[in-house]
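Listed below are the residues making up each chain.
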Amino acid sequence: MGTINISKKYTAKEKAYIPAILVGLKITMKHFIKGFFFRHHNTVMYPEVKRDYSDRFRGKHFISVDANKTENCTACYLCETICPAECIHIVADEREEENNVYGVKKEKKPVSFDIDALRCCFCGFCEEACPKDAIKLSGNYEMAVSARQDAIYDLDILKRDMNGRKEKAEVKK
């Protein structure tokens, strides 16, 4: 194997960083001229104007519910098992017969279903693994919280009437 010569001799022009400075000034002037004279801005005025993301965007979690406001989750633990961040924790129990809709029998239900959104990497594996399409990732990207406890979504938060959240199919305009 050959050796690599690390000690390169730089010219005076390279030592002064003049070409790099001129390239940076050229980019800055290009953006200044576009913004000042042609009114072309890249800034999104966030609370008033929302950015459109693709249909593949994976945002805030939610659990789909049926007509009786009963979650579709059967507590099969597939989402908890496949989660690479180990941020999903489920506790299961037997379901009462009267909560079944349209003759569809669901044997188990989650008593506790917690997702730690700060640990979640939003990979979508939980959504793909769910055989009942119970857990889904919405197009909602507004997930700022002021305390860590607010970023742990429990079953009530996940089932809540989607609270203005939009499913990926509804984001399309």
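Residues numbered from 1 in each chain as written. Predicted model: local features only at pLDDT ≥ 70, side-chain atom pairs only at ≥ 80, totals over all residues. Heavy atoms only, no water.

Any details on the overall build of the chain? Residues and values, ideally.
Broken down by element type, the chain carries six helices and five strands. Relative to all contacts within the chain whose residues are 6 or more apart in sequence, the contacts with residues 24 or more apart total 69%. A total accessible area of about 12,800 Å² is found for the chain, and carbon and sulfur atoms account for 56% of it. (Helix = DSSP H or I, 4+ residues; strand = E, 2+ residues; numbered from the N terminus. Contact = heavy atoms within 4.5 Å. Areas by Shrake-Rupley, 256 points an atom, 1.4 Å probe, with all protein chains shown as cover.)

Account for the nonpolar core, naming residues and giving values.
Membership of the largest hydrophobic core comes to 23 residues, with the highest contact counts inside it found for Cys 87, Ile 88, Phe 113 and Ile 115. Every residue in contact with Ile 115, bar those within four places of it in the chain, is listed here: His 61, Cys 87, Ile 88, Ile 135, Ala 151, Ile 152, Tyr 153 and Leu 158. (Core = buried A, V, L, I, M, F, W, Y, C linked by side-chain atoms within 4.5 Å. Buried < 20%, exposed > 50% of the residue type's maximum accessible area, 1.4 Å probe, protein only.)

Describe in detail the pattern of salt bridges, supporting the description with residues and values.
Following the criterion strictly, the structure yields four salt bridges and no others. A salt bridge links Glu 71 to Arg 95; the shortest N-O distance between them is 3.9 Å. Taken together, the positions of Glu 71 in the loop between strand S1 (61-63) and helix H3 (78-82) and Arg 95 in the loop between strand S2 (88-94) and strand S3 (108-116) put the pair 24 residues apart, joining distant regions of the chain. Arg 95 carries the same exposure label as Glu 71, and that label is buried. The partner of Lys 159 in a salt bridge is Glu 71, and the shortest N-O contact between them spans 3.1 Å. Here Lys 159 is found in helix H5 (residues 155-159), whereas its partner Glu 71 is found in the loop between S1 and H3, with 88 residues between them in sequence. A relative accessible area of 25% places Lys 159 in the partly exposed class. Taken together, the salt bridges that share partners define one network made up of Glu 71, Arg 95 and Lys 159. (Salt bridge = Lys/Arg side-chain N within 4 Å of Asp/Glu carboxyl O.)

Residue-level account of the pairing of S3, with values.
In this sheet, S3 lies alongside S2 in antiparallel orientation, the contact comprising seven bridges. Counterpart to His 89 in the pairing with S3 is Asp 114. Relative to strand S5 (residues 152-153), S3 runs antiparallel, the two sharing two bridges. Opposite Asp 116, over in S5, you have Ile 152 as the bridge partner. (Pairing = 2+ DSSP bridges.)

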